[in-house]
Every structure is written in structure tokens, then in C-alpha cells.
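# Observations on chain architecture
For reference, the chains in residue letters:
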Amino acid sequence: MKKAFITGITGQDGSYLAEFLLEKKYQVYGLTRRTSTQNYERIAGIVDNPNLTLVSGDLSDQHSLTHALKEIQPDEVYNLAAQSFVKASWDQPVLTGDFTGLGVTRMLEAVKLAVPHAKFYQASSSEMFGKVQAVPQTESTPFYPRSPYGVAKVYGHWITINYRESYDMFAISGILFNHESPRRGLEFVTRKIANAVARIVVGKQTHVELGNLDAQRDWGYAKDYVEAMWLMLQQENPEDYVIATGETHSVREFLQLSCAAAGISDWESVYKHNKQYDRPAEVDLLIGDPSKAHKNLGWKPSVTFEELVSLMVQAEIEKEQHTA
């Protein structure tokens, strides 16, 4: 039985990846930080699975990472943990740099010392492209990050390449564009919109407050994207991949489709602009070119943008009705 080690297992991607790997008959180990209140909401459906083991550790603590990998001896390591909210990276730039940037180095050091044969996946991000230098963005598009989060992700990306080339490690990065689901954190604009629209439908609030409606993103479904992570580690050669839909949509479109999915005919009647949600430096247009992943991995998204929006809104309406 193959063994996989996942950091960030309680997050959106980590929870979907753990489910995916358990279905593939892996023994899954998930790194969790010791906190006063544990939040296992996203992994509630698998937390009692005999093939899942939660391990205590922290990306800021080198010893805990090295010790865990030495004990477990995993075949695959997925580094998904990060301070992953772009807006928060402006408020906590040093923490973001330590966790999202240096945390990758600590994981790579742990792999090099404890399980040099293991295949390593680093969660890179489309936010690394920032002020885009080419449209669409490919694996060779230069980075121009526009937030402390994007800068930290660029560090994590290049240190992964550095370890691959310096120590002959199977260490790769997936440059994933925005990917959403009902498990997305409420601080992210897609979940925020879906949740607000649902609350408006059940009478719990009257408006959704948002920043820049013109920002455009390439949005896919998280469950599709974790399969791409796994596929990357099944290849013979370690290579980095852009994972995206190849389509771009605006925040305005997401709001319009969310309202339509909830039966709200006039989206403008429930929208309010709030300047506090505008970013100091906006990333205006992200659109990925996933053709390398199509060709080499045989990967393609299975859920359309419209289906994704509807899926998220319906999940929120069900939740809000249950807690009405």
C-alpha cells in the first residue's frame, strides 16, 4: 500500500486530496497544527477512516517535519499548507513569507534528510504571475507577483526547482489557477458571494458587499485540480505544470450567475461596493494555458464555470436552510 503525506489536510485542497487518495487505497498521513480548537469540518467524512492518520507538526518547526517523515517514510509528499489568503498577506506579510515561502524549504529539507526517494509536490499559484507578462500564462511565463502571498509563492516555487536540480529529487510544482468548491474558506470571494446570495434567499441578509467587480480569474473546481496534483507525481520525469480551465470570468459574472442560480433576477439590487475589499495592488487578468497538462497528464477539467457556481450556491442554500 502506497503512503502519502499531506500538509494542509484540513484545508479545501487537502481534504479533497485525502479523499481521492483514500479511494486509490493509499495510507494517508495528514499534518495538523496543535491549536486550542481543532477544525476538522472539511475532513469530517474521513476522519474515522482506518487508513487516515493525523500527525501533529508545524511548517515553522523543522524538527517536527523531519521527524514525521522519518517515522512514516511516505512515497509521496504533498505540501499544500500555506497562509493562503491574499488579502491577509498584506496584513501579515512576515508570517506569510515564513509559512508560505520558508515553510517550503523546511519541507524540502525534511524530504531530503528523511525520505530522499519520495516524490514531492509543491502547491504553486497563479498569483505568482500577478501583473501578467503574457496572456495566457504558461509554465514559461515570467512571474511578476503583486502581493506578499504571490512573492512568497514565487520563493516556494523556485526553491523547489533548486532542490530538484541540486539534489536530483523528484520535486515538482503545480501552478494552479483559482479553484473553488463548497469547502472554500468564507474569506474567498467565490464562497463569500455564494454564501451571501444564499443568506439573501433565506432572509438572513440583504446585500453582498464586494470590492473590484472587474477583476478576472480562471476559476475551476477543486476536486478536478487535486487529481492533477496526483497525476503529476505519477509521471516518470519531474516537471512543473499549469493547471487551469483556459477560460476567464469576472467577479461580476460570478455574482450574476450566483444570483441566477438562487432565483434572484436583479443582481444589482443586492450588490454594494465596499472599498475595504479593494486590494492595494490588483491582479487584473489571470488565464492559464493548461495544454501541457492536457498532453502529458491527460488531464482536463470536468466541471464548467456555470456548473461550479451553481454547485456552490446550492450547497450554501442547503446549509443556510438547515441553520435557519
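What this report covers is the structure whose coordinates are included nearby.

The rules we used
The written sequence of each chain sets the order in which its residues are numbered from 1. Note on the predicted model: pLDDT of at least 70 is required for a residue's local features to be given, and 80 or more for side-chain atom pairs to be given and counted; whole-chain, interface and lining totals, by contrast, use all residues. Water and hydrogen atoms were dropped before computing side-chain values, which therefore reflect all heavy atoms in the structure. Put simply, DSSP marks the helices as runs of H or I at least four residues long and the strands as runs of E at least two long, and each gets a number from the N terminus on. Throughout, radius of gyration means the C-alpha value; the globule benchmark is 2.2 Å times the number of residues raised to the power 0.38. Only protein chains enter the accessibility calculation, which uses a 1.4 Å probe. A residue is then buried if its area is under 20% of the maximum for its type, exposed if over 50%, and partly exposed in between. Residue contacts are defined here by distance: any two heavy atoms, one from each residue, within 4.5 Å place the two residues in contact. The Shrake-Rupley method, run with a 1.4 Å probe sphere, supplies the accessible areas, and residue values consider only the shown protein chains as cover. This count recognises Lys and Arg as positive and Asp and Glu as negative, with His and chain-terminal groups excluded. Charge positions come from single atoms, namely NZ of Lys, CZ of Arg, CG of Asp or CD of Glu. Here, expected helix span is obtained from the residue count minus one, scaled by 1.5 Å. The arc in question is traced by the directions running from the helix axis to the C-beta atoms. As used here, the term nonpolar core means buried Ala, Val, Leu, Ile, Met, Phe, Trp, Tyr and Cys residues forming a set that is joined through side-chain atoms within 4.5 Å. Each pair of aromatic rings taken from Phe, Tyr and Trp, with Trp reduced to its six-membered ring, is defined by centres within 6.5 Å and is described as stacked if the planes are under 30 degrees apart, edge-to-face if over 60, and tilted in the remaining cases. In this description, strands pair whenever DSSP reports at least two bridges between them. Axes, fitted as lines to C-alpha atoms, cover a helix only where it is in contact. Angles between the N-to-C directions of the axes lie from 0 to 180 degrees. Polar contact is the term for a pair of N or O atoms within 3.5 Å; when the atoms are in protein, one must be able to donate a hydrogen and the other to accept it, and sequence-neighboring residues count only if both atoms are side-chain atoms. Here, a salt bridge means any Lys or Arg side-chain nitrogen found within 4 Å of an Asp or Glu carboxyl oxygen. Here the term right-handed applies to a crossover when the path leading from its first strand over the helix to its second strand runs clockwise, the strands being oriented away from the viewer.

Let's shift gears to the overall build of the chain. For the chain, the helix and strand inventory stands at ten helices and 13 strands. For the chain, the C-alpha radius of gyration of 19 Å lies close to 20 Å, the compact-globule estimate for 324 residues. In terms of its C-alpha atoms, the chain occupies a principal-axis envelope of roughly 60 × 45 × 40 Å. Going through the 324 residues of the chain one by one, you find that 53% of them count as buried. Sequence-distant contacts in the chain: of pairs separated by 6 or more residues, those separated by 24 or more amount to 80%. Summed over all atoms, the accessible surface of the chain reaches about 14200 Å², with 48% contributed by carbon and sulfur. Computing the positive centroid from 32 side-chain charges and the negative centroid from 40, the chain places the two 3 Å apart.

Here we take up helix H8 (residues 251–262). With twelve residues, H8 extends 17 Å from end C-alpha to end C-alpha; this agrees with the ideal 16 Å at 1.5 Å per step. What H8 keeps buried is the set Val251, Phe254, Leu255, Ser258, Cys259 and Ala262. Taken end-on, H8 shows its buried residues confined to a sector of 130°, consistent with a single buried face. Those residues of H8 that are buried lie in contact with helix H6 (189–201), strand E8 (208–210), strand E12 (249–250), strand E13 (271–273) and helix H10 (305–322). Taken from the residues just after H8, Gly263 is the one with a positive phi, measuring 85°.

This paragraph deals with the nonpolar core. With 61 residues, the main nonpolar core has Leu21, Tyr78, Tyr121 and Ile243 as its most contacted residues. Ranked by the residues each element gives to this core, the list is headed by helix H7 (residues 222–233), at nine residues. Every residue in contact with Ile243, bar those within four places of it in the chain, is listed here: Ile175, Leu176, Phe177, Tyr225, Ala228, Met232, Ala293, Leu297 and Trp299. Core analysis: the second largest hydrophobic core is formed by 25 residues, Phe5, Leu59, Ile72 and Phe120 among them.

To continue, consider the packing of aromatic side chains. Inspection of every chain in the model, using the stated rule, returns eleven aromatic pairs. An angle of 45° between the planes, with centres 6.1 Å apart, marks the rings of Tyr78 and Tyr121 as tilted. A residue pair is termed long-range when its members are at least 10 positions apart, and Tyr78 in strand E4 (residues 76–79) and Tyr121 in strand E5 (residues 119–125) qualify at 43 residues. Tyr121 gets classed as buried once you look at its relative accessible area, which sits at 0%. Seen in terms of ring centroids, Trp219 and Phe254 are 5.4 Å apart; in terms of plane orientation they differ by 65°. Their pairing is edge-to-face. Here Trp219, found in the loop between strand E9 (216–217) and strand E10 (220–221), pairs with Phe254, found in helix H8; they are 35 residues apart in sequence, far enough to count as distant.

Every buried residue belonging to helix H2 (residues 62–72) is among Ser64, Leu65, Thr66, Ala68, Leu69 and Ile72, and all of these are buried. Structurally, H2 contributes buried residues whose contacts are with strand E1 (3–7), strand E2 (27–32), strand E3 (52–56), E4 and helix H4 (93–114). Just past H2, the residue Gln73 takes up positive phi, approximately 55°.

Below, the discussion takes up the sheet that holds strand E6 (residues 171–176). With respect to topology, seven strands assemble into an open sheet ordered E3-E2-E1-E4-E5-E6-E11, the strand pairing being parallel. Strands at the two margins of the open sheet, each flanked by one partner only, are E3 and strand E11 (241–243). Recorded for the sheet is a direction-independent mean angle of 25° between the axes of neighbouring strands. Across the sheet, helix H1 (residues 12–23) touches E1, E2, E3 and E4, and the angle it forms with E1 is around 175°. Lying over the sheet, H4 contacts E1, E4, E5 and E6, oriented at roughly 170° with respect to E5.

Before going further, it helps to spend a moment on the environment of Asp278. Take Asp278: it is sitting in the loop between E13 and helix H9 (291–297). Sequence-wise, Asp278 and Asn39 are 239 residues apart; in three dimensions their C-alpha atoms are separated by 29 Å. The contact partners of Asp278, leaving out residues within four places of it in the chain, are Gly211, Asn212 and His273. One polar contact links the side chain of Asp278 to the main-chain amide nitrogen of Asn212, over a distance of 3.1 Å.

Under the criterion given, the structure shown has 13 salt bridges. A salt bridge links Glu19 to Arg183, with the shortest nitrogen-to-oxygen separation between them at 2.8 Å. Placement of the pair is Glu19 in helix H1 and Arg183 in the loop between strand E7 (179–180) and H6, with a sequence separation of 164 residues. The partner of Lys292 in a salt bridge is Glu239, with the nearest N and O atoms 3.0 Å apart. Placement of Lys292 in helix H9 and of Glu239 in the loop between H7 and E11 is noted, with a sequence separation of 53 residues between them.

This part covers the pairing of E1. E1 sits mainly inside the fold: four of its five residues count as buried. Of the pairings in the sheet, the one linking E1 to E2 comprises five bridges and is parallel in character. Looking across to E2, one finds that Lys3 is bridged to Gln27. In terms of handedness, the path from E1 via H1 over to E2 forms a crossover that is right-handed. Both E1 and E4 contribute to a ladder of four bridges, which runs parallel. Directly across from Ile6, in E4, lies its bridge partner Tyr78.

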